[in-house]
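What follows is each chain in one-letter form.
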Amino acid sequence: MKEPPLITANTVLSILAVDYPVDKVSCYVSDDGAAMLSFESLVETADFARKWVPFCKKYAIEPRAPEFYFAQKIDYLRDKVQPSFVKERRAMKRDYEEFKVRINALVAKAQKMPEEGWTMEDGTPWPGNNSRDHPGMIQVFLGHSGTHDIEGNELPRLVYVSREKRPGYQHHKKAGAENALVRVSAVLTNAPYILNLDCDHYVNNSKAIREAMCFLMDPQVRGDVCYVQFPQRFDGIDRSDRYANRNTVFFDVNMKGLDGIQGPVYVGTGCVFNRQALYGYGPASLPSLPKASSSSSSCSWCGCCSCCCPSKKTSKDPSEVYRDAKREELDAAIFNLREIDNYDEHERSMLISQMSFEKTFGLSSVFIESTLMENGGVPDSVNPSTLIKEAIHVIGCGYEEKTAWGKEIGWIYGSVTEDILTGFKMHCRGWRSIYCMPVRPAFKGSAPINLSDRLHQVLRWALGSVEIFLSRHCPLWYGFAGGRLKWLQRLAYINTIVYPFTSLPLVAYCTIPAICLLTGKFIIPTLSNVASMLFLGLFISIIVTSVLELRWSGVSIEDWWRNEQFWVIGGVSAHLFAVFQGFLKMLAGVDTNFTVTSKAADDGEFGELYLVKWTTVLIPPTTLIIVNMVGVVAGFSDALNKGYEAWGPLFGKVFFSFWVILHLYPFLKGLMGRQNRTPTIVVLWSVLLASVFSLVWVKINPFVGSADATVAQSCISIDC
């Protein structure tokens, strides 16, 4: 429901149609819900790709996701010179609409599962009827040995993957699914580079992979680059970007700045990885670390390798060399295995045993051998008929037990924001990353424009940062031993994990103006001249820095202001809850469910923008708005009661309250919903607001003095 099959189908079609050699592209789709609907929709997608892919390449259309291509409100005839284009486009649009009808029919059929469970066409039960207890499933579509397109050309391989799930095993959510895809792709195709995309992020620029390859294959930097990150761009966002879904300041200012240090952080999608970096190896520019072992056979092997690679220097301090035994094993392996082809099968098996690769990568000789091939490709020694069986083996739920998966290699476990953690570990090993911003956005996705979904998305991100802060991977103390993480890069990572804690002072700052108005006292003390100058200088420097960043990055004032507003909204709601949930998880062991955000609107363009799904995350900002509004009314009432002298101090207090309300205005607007369709919860809060205001009004009694009140009360007792 939240990730419709049609959106996934469009992403898959855009990948299959990329401008890249067909034999070098394979698309792996992870279905962690083991839904027969996903499988059947992928069957339909593979069939439609036979028409769609040659059409895209023949006429060089962009984007290559049909839903978004046909929805463009542009002159689609521009730059088209072939007379057959109009006729073929019209026919293709009709074919796509028929494809959509077939997908919608599958969705409609899947709304209610039969009592006996789903059944495949041959009458056998669907293996994934129990999504939490089922075997691993793999199905290969298209490719070299599969169906070709309607013009007889080969299509990229498309692989459906659903990893094994069994009760009692920890599956590690998205990070575990990513690691399963890494292993199964290594067994079947083993490309040296991996593009990671969320199901709703389609390829908007068919040359995006070529853009990434310019860095990953550059002889000057290729040995040091672990991944190339593209900025996230989104469709379907309202024009004013009410909830700062575009994250323009982060993607156009912060990430560009990080690109000048050690590279941008990994943001979970739109990223092309060097597979060797995912395996826990260090960059090629760092010297290899010799392996220490007490066995004579291991020593003689290391000595032999030193002769094979005389250019490698081992002049490091001994205490530094043996600091991390596992890290040394892996680094020594990758640099010394350039001569792997010179070993016979027996020596190769001894090598794998000596390096304890099974303890690191798991019990699969086929997969382990694939990790030794820096340039990718399936090993010649592997029997093609056994590949699917081996692929099923490596996605088993018990495969990762007692291995380094999720600890040192692959996507790292321990946080719901596994992306930050994975990139951080790579940078600690000495890798650098690249930020690539082509003129035409490389990928586009869907954003949760609904207020509640947006806050829950921010809550998940913030909770992940708190989890990292409370873990052994905290940038405050992790990764100092190797000295490979630059100090400014470390500060950037520290910023990504401490920002949820700014919610605590932020709540105080948003509350103080209302307290000042309700108590009649200005809590902020009077500053001396020197302190005032320091405060003013700091304030001006922040403004100047912001202005320079905006001019440098090209970000508009409106985008900056939306970012500021949602920083306050998220800070007093999602970030605050994330801090408490993080400590609750650490102290009481209460785990947090991973919630997938909605990727589709309900009723027309921006229809979901006006929905209000009530959750507890909405309570703190709503309370702050009410308190500040009551404070403003109370302040004006008190000023009217006290006379002219009270108006001067009042304006300073009211300004700060209005400043808080102005930052929370998008939240208030979202809480009100669509015009003439105010949610019931807003009515309830309005009643509460009226009650609080009435009590405050009676308490301050602004327009009646104490003497007048006595006279009025005595008059009431007279019987006229």
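Residues numbered from 1 in each chain as written. Predicted model: local features only at pLDDT ≥ 70, side-chain atom pairs only at ≥ 80, totals over all residues. Heavy atoms only, no water.

Cut-off, in case you're wondering: UniProt positions are given in the numbering used here, feature names are shortened, and annotations may be inferred rather than shown by experiment.
An unreviewed UniProt entry annotates the protein chain as cellulose synthase (UDP-forming) originating from Carya illinoinensis. Its UniProt record, at the heading Sequence similarities (unreviewed entry), says of the protein chain: "Belongs to the glycosyltransferase 2 family. Plant cellulose synthase subfamily." Per UniProt, the comment on the protein chain under Subcellular location (unreviewed entry) is "Cell membrane".

### Points about the overall build of the protein chain
The cut-off we apply is this: Put simply, DSSP marks the helices as runs of H or I at least four residues long and the strands as runs of E at least two long, and each gets a number from the N terminus on. For each residue, the accessible area found with a 1.4 Å probe, counting protein chains only, is set against the maximum for its type, and the residue is called buried under 20%, exposed over 50%, and partly exposed in between. Whether two residues touch is decided by their heavy atoms; if any such pair falls within 4.5 Å, the residues are in contact. All accessible-area figures derive from a Shrake-Rupley calculation using a 1.4 Å probe, and residue coverage is judged against the displayed protein chains alone.
Scanning the protein chain from terminus to terminus reveals 27 helices and 10 strands. Of all 720 residues assigned to the protein chain, the portion counted as buried reaches 48%. A separation threshold of at least 6 residues defines the contact pool for the protein chain, and within that pool the share at least 24 residues apart is 80%. Looking at the protein chain as shown, the accessible area adds up to about 35300 Å², and 59% of this sits on carbon and sulfur atoms.

### Quick notes on the pattern of salt bridges
A side chain with one charge may pair with a side chain of the opposite charge, provided their charged atoms come close. For clarity, the cut-off: One speaks of a salt bridge when a side-chain nitrogen belonging to Lys or Arg is within 4 Å of a carboxyl oxygen belonging to Asp or Glu.
A full pass over the atoms with the stated rule returns 20 salt bridges. One salt-bridge network, held together by shared partners, links E408, K425, R429 and R472.

### Quick notes on the pairing of strand β10 (residues 443-446)
Applied cut-off: Two strands are counted as paired when DSSP detects at least two bridges linking them.
With two bridges connecting them, strand β5 (residues 202-203) and β10 associate as antiparallel partners. In the sheet register, V203 faces β10, and the bridge partner there is F443. Where strand β7 (residues 233-235) and β10 come together, three bridges link them in parallel fashion. Among the inter-strand pairings, D235 is bridged to a residue of β10, identified as S446.

### Quick notes on the nonpolar core
Put simply, the rule is: Put simply, buried Ala, Val, Leu, Ile, Met, Phe, Trp, Tyr and Cys residues joined by side-chain atoms within 4.5 Å make one nonpolar core.
The biggest cluster of nonpolar side chains holds 60 residues, and the ones touching the most others in it are V184, F273, F361 and F367. The element that contributes the greatest number of residues to this core is helix α5 (residues 173-188), accounting for eight residues. Other than its neighbours up to four places away in sequence, F367 contacts V182, R183, A186, V187, Y279, F361, V394, Y399 and W405. Core analysis: the next-biggest nonpolar cluster, separate from the first, contains 58 residues, V25, F39, F48 and V228 among them.

### Details of the sheet that holds β5
A sheet is described by the order of its strands in space; here three strands give the open sequence β5-β10-β7, paired in mixed fashion. Every interior strand has two partners, whereas the edge strands, β5 and β7, have only one.

### A closer look at the UniProt feature "transmembrane region" (unreviewed entry) in the protein chain
Under the feature "transmembrane region" (unreviewed entry), the UniProt entry names residues 497-518, 530-548, 568-588, 609-634, 646-668 and 680-698. Secondary structure within residues 530-548 divides into 100% helix and 0% strand; the distance between the first and last C-alpha atoms comes to 27 Å. Secondary structure across residues 568-588 comprises 90% helix and 0% strand; the distance between its end C-alpha atoms is 29 Å.

### Observations regarding empty space enclosed by the protein
How we decide: Here a cavity denotes grid points, spaced 1 Å and computed from the protein atoms alone, that fit a 1.4 Å probe unable to get out, and a pocket denotes an open set having protein on both sides within 12 Å along at least 5 of 7 lines; residues with an atom within 4 Å of a point are the lining. Grid points are joined across faces, edges and corners, and a volume is the space filled by probe spheres set on the points. Classes in brief: Ala, Val, Leu, Ile, Met, Phe, Trp, Tyr, Cys and Pro nonpolar; Asp, Glu, Lys and Arg charged; the others, Gly included, polar.
As enumerated under the stated definition, the model contains four cavities of 30 Å³ or more in all. In this structure, the largest cavity spans a volume of roughly 40 Å³. Sorting elements by how many residues they give to the lining of the largest cavity places helix α21 (residues 557-571) first, with three residues. For the lining of the largest cavity, the class distribution of residues is one nonpolar, three polar and four charged.

### Digging into a nonpolar patch on the surface
Counted only if it meets this: Patches here are clusters of residues that have more than 30% relative accessible area and form no salt bridge, with a 9 Å joining cutoff for like charges and a 5 Å cutoff for nonpolar side chains (Val, Leu, Ile, Met, Phe, Trp, Tyr).
On the surface, M533, L536, I540, V544 and L548 cluster together into a nonpolar patch covering about 480 Å² of accessible area. With respect to the secondary-structure elements, L548 resides in helix α20 (residues 529-553).

### Remarks on the sheet that holds strand β4 (residues 193-196)
This is how it is decided: Axis geometry follows a simple rule: fit a line to the C-alpha atoms, using only the stretch in contact for helices, then measure angles between N-to-C directions, giving values from 0 to 180 degrees.
The four strands are arranged β4-β8-β6-β9 in an open sheet whose pairing can be described as mixed. Only two strands of the sheet have a single neighbouring strand rather than two, namely β4 and β9 (432-435). Neighbour-to-neighbour, the strand axes of this sheet turn through a mean angle of 20°, independent of strand direction. Pairing of strand β6 (residues 225-229) with β9 involves four bridges; the strand directions are parallel.

### Some details on the UniProt feature "active site" (unreviewed entry) in the protein chain
Just so we agree on the cut-off: Any pair of N or O atoms that falls within 3.5 Å is considered a polar contact. Within protein, one atom must be able to donate a hydrogen and the other to accept it, and sequence-neighbouring residues count only if both atoms are side-chain atoms.
The positions that UniProt labels "active site" (unreviewed entry) are, in the present scheme, D32 and D419. Tracing the chain through its elements places D32 in the loop between β1 (26-30) and α2 (36-59). Dropping the residues within four chain positions of it, D32 is found in contact with R163, K165, K173 and A177. Reaching out from D32, the side chain makes a polar contact with the side chain of R163 at a distance of 2.8 Å. Mapped onto the fold, D419 is located in helix α16 (residues 418-428). Of the residues examined, D419 reaches a relative accessible area of 13% and is grouped as buried. Sequence-distant contacts of D419, defined by excluding residues within four places in its chain, comprise Y266, V267 and G268. Within the local environment of D419, its side chain forms a polar contact with the backbone nitrogen of G268, the two atoms lying 3.5 Å apart.

### Focus: the confidence of the model for the protein chain
Quick reminder of the rule: A residue's pLDDT is the confidence the predictor assigns to it, expressed on a 0 to 100 scale.
Averaged over all residues, the pLDDT of the protein chain is 79; the fraction at 70 or higher stands at 77%. In this model residues 288-327 is a low-confidence stretch, pLDDT under 50, and it forms 52 contacts with partners more than four residues away in sequence or in other chains. The low-confidence segment residues 329-339 (pLDDT under 50) makes 37 contacts with residues lying over four places distant or belonging to another chain.

### Comments concerning unusual backbone geometry
Here E62 and P63 are connected by a cis peptide whose omega angle stands at -10°. The topology assignment puts P63 in the loop between α2 and α3 (66-70). Even without being glycine, A244 reaches a positive phi, approximately 55°. Along the chain, the position of A244 falls in the loop between β7 and α7 (248-258). Judged by relative accessible area, A244 falls into the buried class, the value being 6%.

### Quick word on the packing of α7 against α20
The test is simple: Roughly parallel means an angle under 35 degrees; roughly antiparallel, over 145; roughly perpendicular, 65 to 115; everything else is oblique.
Between α7 and α20, the shortest axis-to-axis distance is 9 Å and the interhelical angle comes to 90°. It follows that α7 is roughly perpendicular to α20 by the angle criterion. Counted together, D252, V253, K256 and G257 of α7 and E549, W552 and S553 of α20 form the full contact between these two elements. A breakdown of the residues in the contact of α7 with α20 according to their chemical character gives two nonpolar, two polar and three charged.

### Considerations on the packing of aromatic side chains
Inclusion rule: Aromatic pairing here means that ring centres of Phe, Tyr or Trp (its six-membered ring) are within 6.5 Å. Orientation follows from the plane angle: under 30 degrees is stacked, over 60 is edge-to-face, and everything else is tilted. Counted as over-ring charges are cases with an Arg CZ or a Lys NZ within 6 Å of the ring centre that also lie within 35 degrees of the ring normal.
Enumeration over the complete set of coordinates arrives at 37 aromatic pairs. Ring centres of F55 and F85 lie 6.3 Å apart, and the angle between their planes is 5°; on these two criteria the pair is classed as stacked. Taken together, the residues span a long stretch of sequence, with F55 in helix α2 and F85 in helix α4 (residues 84-109) at a distance of 30 residues. The class of F55 is buried, set by a relative accessible area of 3%. Taken together, F48, W52, F55, Y59, Y69, F70, F85, Y96 and F99 form an aromatic cluster joined through their ring pairs. One cation-aromatic arrangement involves K256 over W552; the distance from NZ or CZ to the ring centre is 5.2 Å. Taking NZ or CZ as reference, R490 lies 3.7 Å from the ring centre of F480, over its face.

### Section: the state of the cysteines
Using the following cut-off: Disulfides are defined as cysteine sulfur pairs within 2.5 Å.
Evaluated as defined, the whole model comprises zero disulfides. Distance from the sulfur of C271, which forms no disulfide, to the nearest cysteine sulfur (C226) is 7.7 Å. You can call C271 buried: its relative accessible area is 0%.

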